[in-house]
Amino acid sequence: MLPATSKLCAAISYRHLRNMTGLRRQAAVAISQELSKLAHRSAGPTTWISQVRRRSSLLSLRLEEKPYSEVEMSYIKQGEEALQKSLSILGDQDGWKTETVAGNGDKVLSKVLPDVGKVFRLEVVVAQPLDSVYSELVDNMEQMGDWNPNVQEVKILQRIGKDTVITHEKAAAPPGNIVGPRDFVSVRCSRRRGSTCVLAGMATKHGAMPEQDGFVRAENGPTCMVLRPLPGCPAQTKLTWLLSIDLKGWLPKTIINQVLSQTQVDFANHLRERLAQAVPAGC
């Protein structure tokens, strides 16, 4: 190649690279601005919520490390929105009503939000360290159908970076087939800040998983699970699960509320059984 031609190609390549970097930076700035707007909607969040929100400020740095397609960027943004909306809901302590309290202290609360509907909040303590619980719920999520009778299958459709995944989940029909088979396509993101982990998600669409015959495509979100070491007993884990689901179809609200609150209680018991193979943690 002639020297002049080489210089011209180098100049074009440099200009193209600079433009691509600029586009990624603009996308990161736009997402950061959206997250800031969502973060300010909630007044007086607790310390652990603030810590996780600060973790999201690193999003722009990650975007500079690896280029993402426009579709991937949209999924990343959806995951971040689910996380921020969920934390905003959990950060507001007003209006929660007790649905049920189990003998072991597991508690389900609920509240009605104008723009979301009825949401449920599970609060439990698991006698296992945070890393064990996190590994089961995140690293081994596709095995959830093996130990949770309410889940038929969880399949990862796509991974985007190390924090975002698109999943397809088939819910097992409850006894008596009261609700009927449902499935979900969700974007999920995980964030870890210090000793706090947040696993958030919401409904999305994915070309690899159109609506399936025999299933009603339900929608969840915003939803999240928050994992923290139990104060005074770091070898055990405090788990808070915010659940928001639109099951679709013609179902009485009384049945829906009963099914969802019981699903949360059952989940905690099944998770404990799954982790029971490990020696119960002490304080």
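None of these values were measured; they are calculated from a predicted model. For every chain, the first residue of the written sequence is number 1, and numbering continues from 1 along that sequence. pLDDT decides what is reported in this predicted model: residues at 70 or higher carry local features, side-chain atom pairs at 80 or more are listed and counted, and totals for whole chains, interfaces and linings draw on all residues regardless. Think of the side-chain values as coming from all heavy atoms in the structure, minus any hydrogens and water.

Colleague: Any chance you could explain the overall build of the chain here in plain terms?
Modeller: Each helix and strand in the chain was counted, giving 7 helices and 12 strands. Any two residues whose heavy atoms approach within 4.5 Å are treated as being in contact. Once local pairs closer than 6 in sequence are excluded, the contacts in the chain between residues at least 24 apart make up 61%. Helix and strand assignments come from DSSP, with helices taken as H or I runs of at least 4 residues and strands as E runs of at least 2, each series counted from the N terminus.

Colleague: Is there a simple way to explain the pattern of salt bridges in this structure?
Modeller: One side chain can pair with another of opposite charge once the charged atoms of both are near each other. Counted as salt bridges are all cases of a side-chain nitrogen of Lys or Arg within 4 Å of a carboxyl oxygen of Asp or Glu. Tallied over the full model, the rule gives 13 salt bridges. The shortest N-O distance in the salt bridge between Lys 118 and Glu 99 comes to 3.1 Å. Taken together, the residues span a long stretch of sequence, with Lys 118 in strand β3 (residues 117-126) and Glu 99 in strand β1 (residues 97-101) at a distance of 19 residues. When the shortest N-O distance is used, the salt bridge between Asp 131 and Arg 192 registers 2.4 Å. Of this pair, Asp 131 sits in helix α5 (residues 130-139) while Arg 192 sits in strand β6 (residues 182-193); the two residues are 61 residues apart in sequence, bridging distant segments of the chain. A 1.4 Å probe rolled over the protein chains alone gives each residue an accessible area, and that area as a share of the maximum for its type sets the label: buried under 20%, exposed over 50%, partly exposed in between. Exposure remark for Asp 131: the relative accessible area of 47% places this residue in the partly exposed category.

Colleague: What am I meant to see in the packing of α5 against helix α7 (residues 253-275) here?
Modeller: How two helices sit against one another is set out by the angle between their axes and by the gap between those axes. Lines fitted to C-alpha atoms define the axes, with helix axes restricted to the stretch in contact, and inter-axis angles between N-to-C directions lie between 0 and 180 degrees. Contact pair α5 / α7: the axes reach a minimum separation of 11 Å and the direction vectors enclose 110°. In terms of axis orientation, α5 runs roughly perpendicular to α7. Contacts between α5 and α7 involve Ser 132, Val 133, Glu 136 and Leu 137 on the former and, on the latter, Phe 267, Leu 271, Arg 274 and Leu 275. Here the word oblique covers every angle except those under 35 degrees (roughly parallel), over 145 (roughly antiparallel) and from 65 to 115 (roughly perpendicular).

Colleague: How do you make sense of the nonpolar core when you look at a structure like this?
Modeller: Looking at soluble globular proteins, one finds that nonpolar side chains tend to be buried together. Membership of the largest hydrophobic core comes to 36 residues, with the highest contact counts inside it found for Val 133, Leu 137, Leu 227, Leu 239, Phe 267 and Leu 271. In this view, Leu 239 contacts Leu 122, Glu 123, Val 124, Val 133, Leu 137, Val 226, Leu 227, Phe 267 and Leu 271; residues no more than four positions away in its chain are not counted. Judged by nonpolar contacts, the second largest core, of 25 residues, contains Ala 82, Leu 109, Val 198 and Met 202. Working definition of a nonpolar core: buried Ala, Val, Leu, Ile, Met, Phe, Trp, Tyr and Cys residues. They are joined through side-chain atoms within 4.5 Å.

Colleague: Just to check I follow, could you spell out the pairing of strand β7 (residues 196-203) for this structure?
Modeller: It is a general feature of regular strands that their side chains alternate between the two faces of the sheet. Counting buried positions along β7 gives 7 out of 8 residues, so the element sits mostly inside the fold. In the sheet, β6 pairs with β7 via 8 bridges, with the strands oriented antiparallel. Following the sheet pairing, Ser 186 is matched in β7 by Ala 203. Pairing between two strands requires that DSSP report at least two bridges joining them. Taking the residues between adjacent antiparallel strands as the criterion, β6 and β7 are bridged by 2 residues, where Gly 194 takes a positive phi near 65°. Pairing between β7 and strand β10 (residues 223-230): 5 bridges, direction antiparallel. Across the sheet, residue Ala 200 finds its bridge partner in β10, namely Cys 224.

Colleague: Sorry if this is basic, but what is going on with the confidence of the model for the chain here?
Modeller: Think of pLDDT as the predictor's per-residue confidence, scored from 0 to 100. Taken over all residues, the pLDDT of the chain has a mean of 81, while the share at 70 or more is 73%. Here residues 38-45 is modelled with pLDDT under 50, and outside its nearest four sequence neighbours on either side it reaches 13 contacts, counting other chains as well.

Colleague: What should I look at first to understand the environment of Arg 121 in this one?
Modeller: Residue placement: Arg 121 occurs in strand β3. Along the primary structure Arg 121 and Lys 111 are separated by 10 residues, whereas in three dimensions their C-alpha atoms are 8.6 Å apart. Excluding anything up to four places from it in sequence, Arg 121 contacts Leu 90, Gln 93, Trp 96, Lys 107, Val 108, Leu 109, Thr 240, Trp 241 and Gln 264. The term polar contact refers here to a pair of N or O atoms within 3.5 Å; inside protein, the definition further demands a hydrogen-donor-capable atom paired with an acceptor-capable atom, and it admits residues adjacent in sequence only when both atoms are side-chain atoms. Only 2.9 Å separates the side chain of Arg 121 from the side chain of Glu 123, close enough to count as a polar contact.

Colleague: Even after reading the chapter, I still don't get the packing of aromatic side chains, so can you show me in this structure?
Modeller: In this description, an aromatic ring pair is defined by two values, namely the gap between the centres and the angle between the planes. Aromatic pairing here means that ring centres of Phe, Tyr or Trp (its six-membered ring) are within 6.5 Å. Orientation follows from the plane angle: under 30 degrees is stacked, over 60 is edge-to-face, and everything else is tilted. Overall, the coordinates contain 2 aromatic pairs when judged by the stated rule. Considering the side-chain rings of Trp 147 and Phe 267, the 5.9 Å spacing of their centres and the 45° angle between planes classify their relative orientation as tilted. Taken together, the residues Trp 147 in helix α6 (residues 144-147) and Phe 267 in helix α7 connect sequence positions 120 residues apart. Residue Trp 147 is classed as buried on the basis of its relative accessible area, which comes to 9%.

Colleague: Help me understand the environment of Asp 146, please; the structure alone is not making it clear to me.
Modeller: Tracing the backbone shows Asp 146 in helix α6. For the pair Asp 146 and Arg 274, spaced 128 residues apart in the sequence, the C-alpha separation amounts to 9.2 Å.

Colleague: Hey, could you run me through unusual backbone geometry in this one?
Modeller: What you tend to see is this: most non-glycine residues have negative phi, and most peptide bonds are trans. Here the residue pair Gly 221 and Pro 222 is connected by a cis peptide bond, since its omega of 0° sits within 30 degrees of zero. Mapped onto the secondary structure, Pro 222 falls in the loop between β9 (219-220) and β10.

Colleague: I would appreciate a short explanation of the side chain of Ser 244 in the present structure.
Modeller: With respect to the secondary-structure elements, Ser 244 resides in the loop between β11 (233-243) and β12 (245-246). Taking relative accessible area as the criterion, Ser 244 reaches 4% and is therefore assigned buried. Excluding anything up to four places from it in sequence, Ser 244 contacts Val 116, Val 119, Glu 219, Asn 220, Gly 221, Pro 222 and Thr 223.

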